Amino acid sequence: MEQVKIGLEIHGYLVTKEKLFCENKTDYKQVKPNTNICPICCGYPGARPMLPNETAVGKVIEIALMLGCKISQLPLIWQRKHYDWPDLPKGYQETVSGAYSVPVGSEGKFLGIGIREVHIEEDPARWDPETGRVDFNRSGLPLVEIVTEPDFKTSESVREWLHQIIITLSYIKALDKDAGIKADVNVSVGQERVEIKNINSIYSIVQAIEAETKRQIEEIKKGKQIKRETRAYNEKRKTTLLMREKEEQADYRFIPDPDLPILFINRQLVEEIQKKLPELPHLKAERFKKEHDVQEKVAKVLSSNKELAEFYEKVVKLSVDKKLTSYWVTIELLRVLNWNKKSLPEVQIKPEHFAELLKLIEEKKITEAAAKQMLNEFVPKSFSPSDKLKKVERISDEGEIKKVCEEILKKEKKAVEDYKQGEEKALNFLIGQVMKETRGRADITKVKEILLKLIK
Ligand SMILES: [Zn+2]
C-alpha cells in the first residue's frame, strides 16, 4: 500500500486588543453581535485600512520563531484574496500569503514536522446561513496561518502534534485559547491530494483524516482514480463530502493591496524577540527528566503549563526533595486548583510557602493529611505554614507555661492579693490572662496547677 501523507493548514486567533486594520476591540465574546465594528471592518465602499496592528505582526514573528522558522528578509506584501461570500462584503480578504507573496516565516521544523509557511491574515465576518445574519465583530481579527509539509503519516501523530503546538504557543500567550483552532487538512494515499476544509477541533481533525484515508483506500481498491478536490467533513455521518473540484490559486485573483504599505521586518526586532523566547515545553520536559529524574508522564504534566513549570522549578530550587515536589505540584496543587476552578496565575501561592509546607512533611512535623488540609487553605492566598502551626500548637511544656505564669503574676499584683484575701474569682482572672498571653494554646489544667503552686 502507498504511504499516507497528511499536511495541515492551521488557523489560530492571535491575542491582541485591537483588530488588524482598525481600532475596534477584538473582544467578541462579551458583546452583542455587530457592536465592535466600523466602516473599515464592515467593508464600506471607499473605507481604507489603517496601518497593520504591530502587536499582531510581532506575535506572528514570535510564533514563527518558536516553530524554528526563518523570518523573511524580503518585504512582506499584503495581498487581496478575492472571493464572493456574504461574510466578506469588500470582496477580498487581506493576507500575506498567496501568489507573489512571501510568508512571515518559512522552512521551520517543529517536533519532526516541516513548517512550510507561517503568515498573517484577517478573519472574515460570521455568516449564519440559516438566518442570513452576519456578525462583523470577528471581521478583521488577526489570524495566524501555519502550513505544514505533508509529513504526518497517521492521524494519531497529528493529534499529539497539535496538542504540543497548542501548549508551545501558550508559552508565549500567542493564541486565543477560547477561540480554539481551525484547520484545513490535506490527505493523500499515494495519488492526488484531497483537501478537507474548515475543521473546528482536534477531535474532528483526527476523525476527518481517518474517514478520508479510508475513503481513498476504498476508491483505489475499486480501481478508481483519486481526483484533486476539496471536501468537507460531516461530523454526523463521519464522512467527507465533495465540496468542489480544487480551485487553483488564480481563482482568488491575488493582487497586492495598494492601500497597505509594504512591510520590512527589522532584523534587530527579530533578534530581540528571539532572545526573549521561552524554553520550548518539550525541551523543558526532557530537561526535567534528565536533571530531576522525574518520570516521562510527570515531566509532561509539569511542562504542559508554563506557570506550573516555573513554579515547580522555584520550589525545587528552595532545596526541597524533587520527587516530593513533583508529586505535590502535579497531583495536590492541581487538585486544589481544579477544585477551586482557578489557574495558578489567578491565585497567590508563593513558592516559598509551598516549599515550607513540603519541608514540614519531609521533617515529619506535619502529617500528609494535615498538609493537604493546609494546601486547601492556600487558595486564594498562601501563608507561612510554620507560623500557622505555631499558632495552633498546644503548649504543654511546663517550663514554658511557668514562665508565662510568672510574668502574669508580676504584672497582676492586685489580683494575686485579692485571691489571697479569699476571692476565688481572681484566680479565674489570672488563668484568663495566661491563656490570653499564649493565645489560647496553653494546657489550661496545667496553667491552674502552676498558678496555684506559684501563689502559695
Ligand atoms: Zn473596525
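Please refer to the structure placed before this passage.
Residues numbered from 1 in each chain as written. Predicted model: local features only at pLDDT ≥ 70, side-chain atom pairs only at ≥ 80, totals over all residues. Heavy atoms only, no water.

Caption draft 1: Highlighting unusual backbone geometry. The linkage connecting Val 379 with the following residue, Pro 380, adopts the cis geometry, with an omega of 5°. Phi is positive for Leu 111, which is not a glycine, with a value near 45°. Mapped onto the fold, Leu 111 is located in the loop between strand S5 (105-110) and strand S6 (113-122). Here Leu 111 falls in the partly exposed class, since its relative accessible area comes to 39%. In the Ramachandran plot, Lys 341 falls in the positive-phi region, its phi being about 50° despite a non-glycine side chain. Mapped onto the elements, Lys 341 comes out in the loop between helix H8 (322-339) and helix H9 (351-362). With a relative accessible area of 75%, Lys 341 lands in the exposed category. (Helix = DSSP H or I, 4+ residues; strand = E, 2+ residues; numbered from the N terminus. Buried < 20%, exposed > 50% of the residue type's maximum accessible area, 1.4 Å probe, protein only.)

Caption draft 2: Expanded view of the nonpolar core. Within the largest apolar cluster, 95 residues are counted, with the highest numbers of intra-cluster contacts made by Ile 63, Val 118, Ile 120, Ile 146, Trp 161, Leu 162 and Ile 205. Top contributing element to this core by residue count: helix H1 (residues 54-66), with eight residues. Both domains that meet at this core, namely domain 1 (5-179 + 247-273) and domain 2 (279-392), each give it at least three residues. Counting residues in hydrophobic clusters, the runner-up holds 20 residues, among them Val 416, Leu 430, Met 435 and Ala 442. (Core = buried A, V, L, I, M, F, W, Y, C linked by side-chain atoms within 4.5 Å. Domains from an automatic or database assignment.)

Caption draft 3: Broad picture of the coordination of the zinc ion. Only Cys 22 (SG), Asn 24 (OD1), Cys 38 (SG) and Cys 41 (SG) from the protein reach the zinc ion as donors, at distances of 2.1 to 2.3 Å. If you list the donors of the zinc ion from N- to C-terminus, the spacing comes out as C-x1-N-x13-C-x2-C. With a gap of 17 residues between them, Asn 24 in the loop between strand S1 (5-13) and H1 and Cys 41 in the loop between S1 and H1 connect regions that are remote in the sequence. We classify Asn 24 as buried; its relative accessible area is 13%. Taking relative accessible area as the criterion, Cys 41 reaches 7% and is therefore assigned buried. (Donors = N, O, S within 2.8 Å, 3.2 Å for Na, K, Ca; no water.)

Caption draft 4: Structural context of the layout of surface pockets. By volume, the second largest pocket is sized at about 540 Å³. Around the second largest pocket, the lining comprises 22 residues; the ones closest to its centre are Val 15, Lys 173, Leu 175, Asp 176 and Lys 177. Of the residues belonging to the lining of the second largest pocket, the class tally is eight nonpolar, six polar and eight charged. Each of domain 1 (5-179 + 247-273) and domain 2 (279-392) accounts for three or more of the residues forming the lining of the second largest pocket. (1 Å grid on protein atoms, 1.4 Å probe; cavity = no way out; pocket = protein on both sides within 12 Å on 5 of 7 lines; lining within 4 Å. Points joined across faces, edges and corners; volume = space filled by probe spheres on them. Nonpolar A, V, L, I, M, F, W, Y, C, P; charged D, E, K, R; others polar.)

Caption draft 5: Representation of the state of the cysteines within the structure. Counted by the stated rule, this structure contains zero disulfides. There is no disulfide at Cys 42, and the cysteine sulfur nearest it, in Cys 41, is 4.9 Å away. (Disulfide = S-S within 2.5 Å.)

Caption draft 6: Representation of empty space enclosed by the protein. This model, assessed by the stated rule, comprises two cavities of 30 Å³ or more. By volume, the largest cavity amounts to about 120 Å³. Lining the largest cavity are 16 residues, with Ile 40, Cys 41, Lys 90, Glu 122 and Ser 139 sitting closest to its centre. Broken down by class, the residue content of the lining of the largest cavity amounts to eight nonpolar, three polar and five charged. Taken as a whole, the second largest cavity spans an internal volume of roughly 40 Å³. Around the second largest cavity sit Ile 10, Ile 146, Ile 165, Ile 166, Leu 169, Leu 175 and Ile 181, which together line it.

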